[in-house]
Amino acid sequence: MTIQTVSLNKSHGGVQGVYRHASAETGTDMTFSVYVPPHRDGAKLPVVWYLSGLTCTHANVTEKGEFRAACAELGLIFVAPDTSPRGEKVPGDPAGAYDFGLGAGFYVDATQEPFARNYRMWSYVTEELPKLVAAHFPVDAGRQSILGHSMGGHGALTAALRHPDRYRAASVFAPIVAPSQVPWGIKALGGYLSDNRQAWRKHDAVALIEDGAKFSDLLVDYGDADTFLAEQLRPELLKGACEKANIPLTLRRQGGYDHSYFFISTFMSDHLRWHAARLKA
């Protein structure tokens, strides 16, 4: 479980690092970032996992997320993995589309060829990377939470619903809440998991809730100027599912905001404070 340090930068008294390692799950080198806030020697800190959206790498949130000041104040480690495996031999979309293949792993373990060998992002972000991070950074494994944006919002919701005892908090920005019902998700789940829609349900937050999954409470922000809102995101489906299942949901419509990191960075500190309150309880 060795890692290579790509870069280190001091920020807000802590250290922002970028690292690379050989992944057994994806069969490729994977790059991720970790921010460790200032802390006393020997301390174990709560960790927030951040899952990014379509086309992103670890770098998008690391460079534009504006999370470090809040993490330094609150004592939170912030981990951001990539969104898919990468490399010359890793298959992408044959048509070169942005919403499938490279940069669009959808946080599933693919079962369809030619993607099954490398596209194992579910196991990577929920099993392999947490073990690696725990071995190299001062994390408290009993205090974890998860956060995500768009496709990463889908990943964060499904991770929380499938591992409610692992994550103390889950919040998302502009998530794809029901991939089985929207074009992005139908393309990705069909391409990675076959046309067996029953197999899709464990990677669909609304379907998981319908099938009995629970979580303590959820925070969701979306912008009413988001061009993907009506066709791809459909937060009203999550609201309806949570209401039927009696899952506490704070769903906030933010006026004038779009799908970009201008939106995410505006509310990032608010989300991290929400996480910190649950991680330190």
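Data block above holds the structure.
The rules we used
- Residues numbered from 1 in each chain as written.
- Predicted model: local features only at pLDDT ≥ 70, side-chain atom pairs only at ≥ 80, totals over all residues.
- Heavy atoms only, no water.
- Helix = DSSP H or I, 4+ residues; strand = E, 2+ residues; numbered from the N terminus.
- Buried < 20%, exposed > 50% of the residue type's maximum accessible area, 1.4 Å probe, protein only.
- Contact = heavy atoms within 4.5 Å.
- Polar contact = N/O pair within 3.5 Å; in protein donor to acceptor, adjacent residues only side chain to side chain.
- Pairing = 2+ DSSP bridges.
- Expected span 1.5 Å × (residues − 1).
- Core = buried A, V, L, I, M, F, W, Y, C linked by side-chain atoms within 4.5 Å.
- Axes fitted to C-alpha atoms, helices over the stretch in contact; angles between N-to-C directions.
- Phe/Tyr/Trp six-rings, centres within 6.5 Å; stacked < 30°, edge-to-face > 60°.

Colleague: What is the right way to read the environment of histidine 271 from this model?
Modeller: Tracing the sequence through the fold places histidine 271 in helix H10 (residues 261–279). Of the residues examined, histidine 271 reaches a relative accessible area of 0% and is grouped as buried. Among residues more than four places away in sequence, those in contact with histidine 271 are Leu147, Ser171, Val172, Phe173, Leu219, Asp221 and Arg252. Within the local environment of histidine 271, its side chain forms a polar contact with the side chain of serine 171, the two groups lying 2.8 Å apart.

Colleague: Please clarify how the pairing of strand S8 (residues 218–223) should be interpreted in this entry.
Modeller: Counted residue by residue, S8 has six buried out of six residues, so it is predominantly covered. In this sheet, S8 lies alongside strand S7 (residues 167–173) in parallel orientation, the contact comprising four bridges. Bridged to alanine 170 within S8 is leucine 218. Relative to strand S9 (residues 249–254), S8 runs parallel, the two being bridged by six bridges. Pairing of glycine 223 across the sheet is with glutamine 254, part of S9.

Colleague: I tried to follow helix H4 (residues 151–162) on my own but got confused; where do I start?
Modeller: Note that an α-helix has 3.6 residues per turn; residues three or four places apart therefore point the same way. With twelve residues, H4 should cover 16 Å at 1.5 Å per step; its first-to-last C-alpha distance of 17 Å lies within 8% of that length. Every buried residue belonging to H4 is among Met151, Gly152, Gly153, His154, Gly155, Ala156, Leu157, Thr158, Ala159, Ala160 and Leu161, and all of these are buried.

Colleague: Would you take a moment to explain the side chain of arginine 143 for this structure?
Modeller: Considering the arrangement of structural elements, one finds arginine 143 in strand S6 (residues 139–149). Polar contacts involving the side chain of arginine 143 include one to the main-chain carbonyl oxygen of lysine 44, which spans 3.1 Å. Excluding its chain neighbours within four sequence positions, the residues that come into contact with arginine 143 are Lys44, Leu45, Pro46, Val47, Arg168, Leu279 and Lys280.

Colleague: I'm lost on the nonpolar core in this one. Help?
Modeller: Phe32, Phe78, Phe106, Ile146, Tyr192, Met268 and Leu272 are the most contacted members of the largest nonpolar core, which totals 91 residues. Among the elements that line this core, the one with the most residues is H10, at eight residues. Once you skip the residues sitting within four places of it in the chain, methionine 268 turns out to touch Tyr50, Val61, Gly65, Glu66, Phe67, Phe78, Leu147 and Phe173.

Colleague: Just to check I follow, could you spell out the pairing of strand S2 (residues 14–22) for this structure?
Modeller: Where strand S1 (residues 4–11) lies against S2, seven bridges are found, and the strand directions are antiparallel. Considered in S2, the bridge of asparagine 9 is made with glutamine 16. From the end of S1 to the start of S2, which pair antiparallel, there are two residues, and histidine 12 there has a positive phi angle of about 50°. Of the strand pairs in this sheet, S2 and strand S3 (residues 29–36) are connected by eight bridges, and their pairing is antiparallel. Counted as the bridge partner of tyrosine 19 is phenylalanine 32 from S3.

Colleague: Teacher, can you tell me more about the environment of arginine 20 here?
Modeller: Relative to the helices and strands, arginine 20 is located in strand S2. Among the residues examined, arginine 20 registers a relative accessible area of 28% and is labelled partly exposed. A C-alpha to C-alpha distance of 28 Å links arginine 20 and leucine 189, two positions 169 residues apart in sequence. With residues near it in sequence (within four places) discarded, arginine 20 still touches Ile3, Gln4, Val6, Asp29, Met30 and Thr31.

Colleague: Would you explain the sheet that holds strand S5 (residues 77–80) in this entry?
Modeller: Within a sheet, each strand pairs with its neighbour through backbone hydrogen bonds, oriented either parallel or antiparallel. Sheet architecture is open: nine strands sit in the order S1-S2-S3-S5-S4-S6-S7-S8-S9, paired in mixed fashion. Of all the strands in the sheet, just S1 and S9 have a single pairing partner and so form its edges. Going from strand to strand, the sheet's axes swing by 20° on average, the running direction of each strand aside. Docked against the sheet, helix H3 (residues 121–136) engages S2, S3, strand S4 (45–51), S5, S6 and S7, running at close to 55° with respect to S3. Helix-sheet contacts for H10 involve S4, S5, S6, S7, S8 and S9, and the interaxial angle to S7 is about 165°.

Colleague: Any chance you could explain the packing of aromatic side chains here in plain terms?
Modeller: Counting across every chain of the model gives 15 aromatic pairs. Centre to centre, the rings of tyrosine 19 and phenylalanine 137 are 5.1 Å apart; their planes meet at 70°, and the pair counts as edge-to-face. Of this pair, tyrosine 19 sits in strand S2 while phenylalanine 137 sits in the loop between H3 and S6, and the two are 118 residues apart along the sequence. Neither tyrosine 19 nor phenylalanine 137 differs from the other in exposure class; each is buried. Ring plane angle 10° and centroid distance 3.9 Å describe the contact between phenylalanine 67 and phenylalanine 78, whose orientation is recorded as stacked. Here phenylalanine 67, found in the loop between helix H1 (58–64) and helix H2 (68–74), pairs with phenylalanine 78, found in strand S5; they are eleven residues apart in sequence, far enough to count as distant. Phenylalanine 67 gets classed as buried once you look at its relative accessible area, which sits at 0%. Here a set of aromatic residues connected by ring pairs shows up, and it is made of Tyr35, Tyr50, Phe67 and Phe78.

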